[in-house]
Amino acid sequence: MIRIIVRRVAASVLVALGVLTIIFIVVRIVPGDPASLILGAGATHQQIEQLRTSLGLNQPLIVQYGEFMINALQFKFGTSYRLGGDAMGQVLQALPATLLLAATAMALVLLASTVAGVAAARRPGTLRDRAISGGAMLLQSLPQFWVGIVLIIVVSGTLHLLPSGGYGSPLNLILPAITMAVSFLGMLTKMVRNSSLEQAGEGFVQTARAKGMSEQRLFYVHILRNGLIPVVTLAGLVLGVFLGSAVVIETVFAWPGVGRLLIQSILNRDYPVVEAAVFVFALIYIGLNLLVDLLYGLIDPRVRVAVTA
Amino acid sequence: MNNTNVVGPGRAQHAQGSPVLDVQHLQVRLETLDGPLFPVRDMSLRVNANETLAILGESGSGKSVTSLALMGLLPRDTFSVSAESMRLKDEDLGSATEKTWRSIRGSRIAMVFQDPQSSLNPVYTVGAQIAEMFRLHRGASRGDARRAALEMMDRVRIPDAAAKYDSYPHEFSGGMRQRIVIAIALALDPEVLIADEPTTALDVTVQARILDLFKEIAKDSNMGTILITHDIAVAATVADRISVMYAGRLVEEGPTRQVLEQPAHPYTQGLLDAVPNASNERTALIPIKGSPPNLSHIPSGCAFHTRCPIARDECALGVPELLRVAAERDSACFFAEEVMTNAAH
């Protein structure tokens, strides 16, 4: 088992290095010169050149790349052009807000989709099932930014129930978390339902039924555990996607997380912060995938062996 | 191998007249969008304690549906089961509610399914799946259930049971898995064991060992066993009596040896001619012409007449009843005596 973990971790490090390279390239390709942005429209050519030199922007690309990689591996992305201070420090400061939002949304998705998916799968073909499946389909097809805006207009604007944005109290968390959860709530509900129903046709279900147990026990003990296996994989990926959607949702709800920081930094060509933020997101995503791989073995014994072999 | 007189005390006692399971004129109706189908049209069976009855038939003959009906496992929304009588000893299965069925299933009538690859739950240990029987029906504690399950693993000849208890199904071979499935079925000492093609999915050598296990179990216990198979050799090895099904109907019934040596139905004769055995090893095998009828287009009269080598005009008109044609022998063929006479030569 330890050998597998080491192998997976090594693979993850390679992926991280690849991500850093891509970050470097993309940020250099994007048009717009940070030196002129920092100095503003009134700056002289000489001033700009001076700043470019001090930022190392006039070095050959390959030298910039080498320095970038060496520094990045020590989590040094330089000083934020816009905010001053360490770029990585800025990102880490914003990270808890994003994690709180993503974790809340994840809890919401897992809980609600399991409950709804099970409710549908227990009575397939009934009105209840159709309502849940139809609702799930609807939720899945709603664009997130639209859901966010509608929630703000209806819940905060018209009904005055919850704040439309900001940070600090649990009340602020509710709308952005729901917005983040909505589309995956639909997807995972359908997944729980379909994957459970698929299991219900398996031979072991017939064996279990022949043992003489209640349909309830049959479902919760024998079917559901098998049905949830693919859901776990998907849940891991969803958490990664949440980080991506944080960019939009945090902007809509003025939530002070990494997503909003990233957007603001991109708009201001604040390269160090952009690089640090993307790298942090990538690390989290890689870590999640690693975790899902290892967790998978816990629920599905077949994987444990397949991985060991 | 069959109807031998080596009988235990239990067998002598039960051999006559007191069947554990007695089903008369079973019919299973399946509702479809194109109208009802009848996977089982007329099936009767009687199994005594300490006796093995083989139900022989091709796929589509209704033998598996019969076994599911006997377990009360056919979904009630699409299937309806009716019978003139359906009794498990004193229990009237015909009027059993789902709750009654649940207490019977697994504990009084148990079943072994065909495919050991899929009949065990992949996420639980094999031991736990046996132990579940004791937890479900006897309310046993974890420890007691574990001990009882280990005992069952020994009984089905799983070597080193204590070490294998916590293995998962995928770590077992097909034969070992089937032993676990058998252990589950036998756990509560059922009165009737139904085995639906228990060896079909296994390698030939493994088949033989599993069949040996069945014989051994049948000898040691007092239960009635129903073995569902399409394989005459399997039926010949373990069964005391054979029932032959064709297109949802019982067409022949009798003691194994007599049925195999002198069949009383042309379908049985056809099955025998189609497999190699000692008497026809030097002649070409003769397949039964045509294929089993589709459920939605069952021929009129005797359903077999379209494939029957001796069919005459009346075969297409009337349905031959199952009649006694010799001692302990029943056949649903108008010309049963002719078939038997020909077979004797």
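Residues numbered from 1 in each chain as written. Chains lettered and ligands numbered in written order. Predicted model: local features only at pLDDT ≥ 70, side-chain atom pairs only at ≥ 80, totals over all residues.

Engineer: I'm lost on the overall build of chain B in this one. Help?
Structural biologist: A count of helices and strands for chain B gives 12 helices and 13 strands. For 345 residues, the compact-globule estimate of 2.2 N^0.38 gives 20 Å, and the C-alpha radius of gyration of chain B, at 21 Å, lies within 12% of that figure. Overall, the C-alpha framework of chain B stretches about 65 × 50 × 40 Å when taken along its three principal axes. When the 345 residues of chain B are sorted by exposure, 46% land in the buried category. Pairs at least 24 residues apart make up 66% of the contacts formed inside chain B by residues separated by at least 6 positions. (Helix = DSSP H or I, 4+ residues; strand = E, 2+ residues; numbered from the N terminus. Rg over C-alpha atoms; globule rule 2.2 N^0.38 Å. Buried ≥ 20, exposed ≤ 12 C-beta atoms within 10 Å, placed from the backbone. Contact = placed C-beta atoms within 7 Å.)

Engineer: Please explain the overall build of chain A as it appears in this structure.
Structural biologist: Counting secondary structure elements, chain A contains 14 helices and 0 strands. The order of helices and strands in chain A, counted from the N terminus, is α-α-α-α-α-α-α-α-α-α-α-α-α-α. Reported as C-alpha extents along the three principal axes, the dimensions of chain A are approximately 85 × 60 × 30 Å. For chain A, with 309 residues in total, the buried portion stands at 35%. Residue pairs at least 24 apart in sequence account for 70% of intrachain contacts in chain A once pairs closer than 6 positions are excluded.

Engineer: Sorry if this is basic, but what is going on with the interface of chain A and chain B here?
Structural biologist: How big an interface is tends to be reported as the loss of accessible area on association of its parts. At the junction of the two partners, chain A supplies 20 residues and chain B supplies 26 residues. Among the elements of the structure, α9 (203-210), α10 (215-227) and α14 (301-308) of chain A are those that each provide at least two residues to the side of chain A that touches chain B. Per-element tally for the side of chain A that touches chain B: the top contributor is α9 of chain A, with 7 residues. For the side of chain A that touches chain B, the residue count by class is 7 nonpolar, 7 polar and 6 charged. (Nonpolar A, V, L, I, M, F, W, Y, C, P; charged D, E, K, R; others polar.)

Engineer: Could you clarify how one ought to interpret the confidence of the model for chain B in this entry?
Structural biologist: Note that predicted coordinates carrying low pLDDT should not be read in detail. Residue and element names in this part refer to chain B. With 93% of its residues at a pLDDT of 70 or more, chain B has an overall mean of 89. Note on residues 1-16: pLDDT is under 50 here. Beyond four places in sequence and across chains, it has 21 contacts. With pTM at 0.81, the complex prediction returns an ipTM value of 0.84. (pLDDT = per-residue confidence, 0-100.)

Engineer: What is the right way to look at the domain arrangement of chain A in this model?
Structural biologist: Residues and elements named next belong to chain A. By the assigned domains, chain A splits into domain 1 (2-72) and domain 2 (88-301). Measuring from the centre of the C-alpha atoms in domain 1 to the corresponding centre in domain 2 gives 33 Å. Facing 14 residues of domain 1, the contacting portion of domain 2 comprises 13 residues. Put simply, the parts of the chain that give the side of domain 1 that touches domain 2 at least two residues each are α1 (2-29) and α2 (34-39). The dominant element in the side of domain 1 that touches domain 2, judged by the number of residues it contributes, is α1, at 10 residues. Of the residues contributing to the side of domain 1 that touches domain 2, the split by class is 11 nonpolar, 2 polar and 1 charged. (Domains from an automatic or database assignment.)

Engineer: When you look at unusual backbone geometry in this model, what are you seeing that I'm missing?
Structural biologist: When glycine is set aside, most residues are seen to have a negative phi, and most peptide bonds are trans. Positioned with a positive phi, R157 of chain B is a non-glycine residue whose angle comes to about 60°. Looking at R157 of chain B, the number of C-beta atoms within 10 Å reads 15, which means it is partly exposed.

Engineer: Got a minute to help me understand helix α6 (residues 127-141) of chain A in this structure?
Structural biologist: An α-helical turn contains 3.6 residues, so any two residues separated by three or four positions project in the same direction. All names here are of chain A. Helix length check: α6, at 15 residues, gives a terminal C-alpha distance of 21 Å against a target of 21 Å (1.5 Å per residue), a fit within 8%. Within α6, the full set of buried residues consists of I132, S133, A136 and L139. Down the axis of α6, the buried set is contained in an arc of 125°. They therefore lie on one face. For α6, the exposed residues lying more than 90 degrees away from the buried face are L127, G134, L138 and S141. Considering only its buried residues, α6 is in contact with α5 (87-122) and α8 (170-200). (Expected span 1.5 Å × (residues − 1). Arc of directions from axis to C-beta.)

Engineer: Sorry if this is basic, but what is going on with the pairing of strand β5 (residues 85-88) of chain B here?
Structural biologist: Residues M86 and L88 of chain B point to one face of β5 of chain B and are all buried, whereas S85 and R87 of chain B, pointing to the other face, are not buried. What sits between β5 of chain B and strand β6 (residues 91-92) of chain B in their antiparallel hairpin is a turn of 2 residues, with K89 of chain B showing a positive phi close to 50°. (Pairing = 2+ DSSP bridges.)

Engineer: I keep staring at the nonpolar core and nothing clicks. Help me out?
Structural biologist: Formed by 100 residues in total, the largest nonpolar core has its most connected members in I130, A183, A185, A187, V192 and I194 of chain B. Residue contributions to this core peak at 8 residues, all from helix α7 (residues 174-186) of chain B. In contact with A185 of chain B, not counting residues within four places along its chain, are A110, M111, V112, P190 and L193 of chain B. Among the nonpolar cores identified, the runner-up in size contains 63 residues, and L185, A235, L243 and A277 of chain A belong to it. (Core = buried A, V, L, I, M, F, W, Y, C linked by C-beta atoms within 7 Å.)

Engineer: Mind showing me how you'd approach the packing of helix α11 (residues 229-252) of chain A against helix α13 (residues 271-299) of chain A here?
Structural biologist: Axis angle and axis distance: for two packed helices, these are the angle between their axes and the distance between the axes, and together they describe the pair. All names here are of chain A. Running from amino to carboxyl end, α11 crosses α13 at an angle of 170°, the nearest separation of the two axes being 9 Å. With respect to α13, the axis of α11 lies roughly antiparallel. The segment α11 lies against α13, with I229, V232, T233, G236, L239, G240 and L243 engaging F281, I284, Y285, L288, N289, L291, V292, L295, Y296 and I299. By residue class, the composition of the contact of α11 with α13 is 13 nonpolar, 4 polar and no charged. (Axes fitted to C-alpha atoms, helices over the stretch in contact; angles between N-to-C directions. Parallel < 35°, antiparallel > 145°, perpendicular 65-115°, else oblique.)

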